[in-house]
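The lines below spell out each chain.
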Amino acid sequence: MSTPGHTQGPASGDAAAAAPRAGYAIIEAIRRGEPVTGQTHEQVRDQPAVIRAADFSLWYGKSRALHAVSMPVPRHRVTALIGPSGCGKSTLIRCVNRMNDLVEGVRVSGRMELEGSDVYAPGTDVIGLRRRVGMVFQKPNPFPMSIFDNVVYPLRIHGQRSRSELAERAERALRGAALWDEVKDRLRQSALGLSGGQQQRLCIARAIAADPEVLLMDEPCSALDPVSTLRVEELIQRVSERYTVLIVTHNMQQASRVSHFTAFMYLGRLVEYGPTAEIFQNPRLPETEQYVSGRFG
């Protein structure tokens, strides 16, 4: 698969200024604040979906960050969100497990479904939701405790006390994160002594220890060196056999390597969404071709 050279987008205002002015109907409509309908390929619509956004919008106070986004996320596949900085990618994935609830002044409209149930419905068990939807952040964030205690932390807060069960689940998660062989002899040592790449794989192990249905990843390799990035990318492909993965990345090569489907977002709107090979090699919209080839954004 060919990969473009573009890796990092500037702030959304700069992206808007850099995009071509003529012949790009969707981008021009978005700039004017008009409603647009994103181009979703039939290959995406035909997939069984575990997550589904339907006309989903979000505001931070008076500022609207997401505009009527509608998209399914296929089960047991890796879906990448790409687009310039400030286009709503991280905001969107944080809606799946309601992490945006922690931001003052947030309100939403539309539906964000997990297995057919609206996660914003009254009475939703948010703690239970976050157990079903694990998350890995941009920078590794191991807790200041042992490697073992990091991995089993989500199990303990949900009431698991059996030592044998904790030990079994920790080993399973560390093997799943391709970290077991590197740490099995120092499980009681501080996780802060691990390298950056190991810390990020530890965070993945912690996220999958509770056996979630979905794994959200927000720029998981942006703070890592190339070798560690490769290890994490291999891990992403492996864990998608068991979990549905939704990943935000600015790195076009990374999106083309690890994902099955790619969604291009711009200023809070979904522009085009389809199989990764088509998005990068034969997109249907000129705006998408311009972005993935590095001619704007």
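Our subject is the structure that appears above.
Please read these numbers as outputs of a predicted model, since none were measured by experiment. (Residues numbered from 1 in each chain as written. Predicted model: local features only at pLDDT ≥ 70, side-chain atom pairs only at ≥ 80, totals over all residues. Heavy atoms only, no water.)

1. Looking at the pairing of strand β11 (residues 269-275)
Looking along a regular strand, one sees the side chains alternate between the two faces of the sheet. The element β11 is largely enclosed, with a buried count of seven among its seven residues. As consecutive antiparallel partners, strand β10 (residues 261-266) and β11 are separated by two residues, and within that stretch L267 has a phi angle of approximately 50 degrees, a positive value. (Buried < 20%, exposed > 50% of the residue type's maximum accessible area, 1.4 Å probe, protein only. Helix = DSSP H or I, 4+ residues; strand = E, 2+ residues; numbered from the N terminus. Pairing = 2+ DSSP bridges.)

2. Thoughts on the pairing of strand β2 (residues 49-60)
Direction of pairing for β2 relative to strand β3 (residues 63-74): antiparallel, over a ladder of eight bridges. Across the sheet, residue W59 finds its bridge partner in β3, namely R64. Where β2 folds back on β3, the antiparallel hairpin that results is connected by two residues, among which G61 adopts a positive phi of roughly 65 degrees. Pairing geometry for β2 and strand β5 (residues 106-114), over eight bridges, is antiparallel. Bridge pairing in β5 places Y60 opposite V106.

3. Some remarks on the packing of aromatic side chains
The geometry of an aromatic ring pair is captured by the separation of the ring centres together with the interplanar angle, meaning the angle of the planes. Evaluated as defined, the whole model comprises three aromatic pairs. Summarising the aromatic geometry, the rings of F143 and Y153 are spaced 4.9 Å apart at their centres and angled 65 degrees between planes, so their arrangement reads as edge-to-face. One end of the pair, F143, is in the loop between β7 (133-136) and α6 (147-157); the other, Y153, is in helix α6, and 10 residues separate them in sequence. Under the relative-accessibility criterion, Y153 is labelled partly exposed at 35%. Geometrically, the ring pair formed by F264 and Y291 is stacked, given 4.9 Å between the ring centres and 15 degrees between the ring planes. (Phe/Tyr/Trp six-rings, centres within 6.5 Å; stacked < 30°, edge-to-face > 60°.)

4. A short note on the sheet that holds β5
Overall, antiparallel pairing links the four strands, which are arranged β3-β2-β5-β6 in an open sheet. In this open sheet, the two edge strands, each paired with only one partner strand, are β3 and β6 (117-118). Against the sheet, helix α4 (residues 89-96) engages β2, β3 and β5, with an angle of about 65 degrees to β3. (Contact = heavy atoms within 4.5 Å. Axes fitted to C-alpha atoms, helices over the stretch in contact; angles between N-to-C directions.)

5. Focus: the packing of helix α9 (residues 196-209) against helix α10 (residues 226-239)
Pairs of packed helices are described in terms of their axes, by the angle between the two and the distance that separates them. α10 packs onto α9 with a crossing angle of 20 degrees between their chain directions and a minimal axis gap of 9 Å. Comparing their axes, α10 and α9 come out roughly parallel. Here α9 runs over α10; the crossing is right-handed. Contact with α9, carried on its side by G197, R201 and I204, involves S228, R231, V232 and L235 of α10 and no other residues of that element. Looking at the contact of α9 with α10, its residues break down into three nonpolar, two polar and two charged. (Parallel < 35°, antiparallel > 145°, perpendicular 65-115°, else oblique. Left-handed = near helix turned anticlockwise from the far one by under 90°. Nonpolar A, V, L, I, M, F, W, Y, C, P; charged D, E, K, R; others polar.)

6. Description of the sheet that holds β10
The strand order across the open sheet built from seven strands is β1-β11-β10-β4-β9-β8-β7, with neighbouring strands paired in mixed fashion. The sheet terminates laterally at β1 (39-40) and β7, the two strands that pair on one side only. With four bridges connecting them, strand β4 (residues 78-82) and β10 associate as parallel partners. For A80, the partnering residue across the bridge sits in β10 and is T262. Packing against the sheet, α9 makes contact with β7 and β8 (214-218), and its axis sits at approximately 170 degrees to β7.

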